[in-house]
Amino acid sequence: MAPNVGYVIAAYLITAFALGGYTLSLLSRARNAGRRADAIARRRRDA
Amino acid sequence: MAATAERALGKAISRNGERTLGIAALAALAVSAVLSLVVAPPDAVQGEVQRIMYVHVPAAWLAYLSFFVVFVASIAYLKTKKTRWDRVAAASAEIGVLFTALAIALGMLWGKPVWGTWWTWDPRLTTTAVLLLIYVGYLAVRRITDNPSRRATWAAVVGIVGFVDVPIVHLSVVWWRSLHQGPTVLRLGAPEIEGTMLLALLCGVAAFTITYAYLMTLRLRVGRLEEREAREALSPIVEVER
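Residues numbered from 1 in each chain as written. Chains lettered and ligands numbered in written order. Predicted model: local features only at pLDDT ≥ 70, side-chain atom pairs only at ≥ 80, totals over all residues. Heavy atoms only, no water.

(A) A look at the overall build of chain A. Broken down by element type, chain A carries one helix and zero strands. Referenced to the eigenvectors of the C-alpha coordinate spread, the extents of chain A come out at roughly 70 × 10 × 5 Å. In chain A, which comprises 47 residues, the proportion classed as buried is 32%. Surface exposure of chain A reaches about 3000 Å², of which carbon and sulfur atoms provide 62%. (Helix = DSSP H or I, 4+ residues; strand = E, 2+ residues; numbered from the N terminus. Buried < 20%, exposed > 50% of the residue type's maximum accessible area, 1.4 Å probe, protein only. Areas by Shrake-Rupley, 256 points an atom, 1.4 Å probe, with all protein chains shown as cover.)

In structure tokens:
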């Protein structure tokens, strides 16, 4: 293995985890906020 | 009824657009990875470790772009007082913080084998760390008050003043004696970089830019949904107050 390849692998893994992790967190935030807003609207309609 | 159908159609189109952008970003990142890790040759002096540049430089470019969008959206908000501009600024600042932190982390991974140290108080590194602190501060300012208009105004002022650091970061390698290398692509005259390496670098910049566009659409949707949630939660109180 060429010298310093470990740094390159670490760099690309960090990039993938950072971009992938942030995307997943945004998708989860959107889903949760939508659900909460729908639940509040439903409760208000039913009250 | 027609308005509801129109809203539903608009939502479906925007969700489809978001999905298409996501697939385009993923494909562009894959092509960029192949060009950077397989096609581009290793550097004559630095060897394999130079391949970190193909992600470090695009991350730094995206940090500049994100904060430029914050700057423009902040001016637009102060001028028009339209919430949509504040939402754009907040979304871009959050993504900009991610890319700045990523650029710093990748730079450190390159610095250790090439410079022999993870970190040094070099002008480019120091001004970039200050940039990160400014926009973490911007996000903190957004949490100080619950009043949406006051929050947007304070944040817009920080977004405009904070942008002053971006040209300082970029020109720090020209203005001061720096360990960090000077501009190789954005410079007067032809780029000082081999053709395949330049292609890999430009492809990386394009892939990260498409990824930024995708993250912006996602983050803007989160912003809209969180605002709707707050509106729904507050509306009975408003009715009582009336």
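There's plenty left to go through after this.
(B) Representation of helix α5 (residues 148-162) of chain B in the model. Residues and elements named next belong to chain B. Helix length check: α5, at 15 residues, gives a terminal C-alpha distance of 21 Å against a target of 21 Å (1.5 Å per residue), a fit within 8%. Among all positions in α5, only A152, A155, A156, G159 and G162 are buried. Take α5 and look down its axis: the buried residues cluster within an arc of 140 degrees, on one side only. On the buried face of α5, the contacting elements are α2 (53-80), α3 (83-115), α4 (123-141) and α6 (165-175). At the N-terminal boundary of α5, the capping side chain belongs to N147, with an oxygen 3.1 Å from the backbone nitrogen of S149. (Expected span 1.5 Å × (residues − 1). Arc of directions from axis to C-beta. Contact = heavy atoms within 4.5 Å. Polar contact = N/O pair within 3.5 Å; in protein donor to acceptor, adjacent residues only side chain to side chain.)

(C) Fine view of the side chain of E229(B). Residue position: E229(B) is located in helix α7 (residues 195-241). Within the structure, the side chain of E229(B) is placed 2.5 Å from the side chain of R36(A), a separation counted as a polar contact. For E229(B), the residues in contact, after removing those within four places along its chain, are A33(A), R36(A), A37(A) and I40(A).

(D) Representation of the pattern of salt bridges within the structure. For the structure on display, the rule yields nine salt bridges over all chains. We note a salt bridge from R228(B) to D38(A), for which the minimum N-O separation is 2.5 Å. Here D38(A) lies in helix α1 (residues 5-46) and R228(B) lies in helix α7, a pairing that spans two chains. On the accessibility criterion, D38(A) (35% relative accessible area) is partly exposed. D86(B) is the partner of R142(B) in a salt bridge, and the nearest nitrogen-oxygen pair spans 2.9 Å. Taken together, the residues R142(B) in the loop between α4 and α5 and D86(B) in helix α3 connect sequence positions 56 residues apart. Note on R142(B): relative accessible area 13%, which makes it buried. Each of R29(A), E94(B), R219(B) and E226(B) takes part in one network of salt bridges that share partners. (Salt bridge = Lys/Arg side-chain N within 4 Å of Asp/Glu carboxyl O.)

Scope: geometric values only; no functional claims are made or implied.
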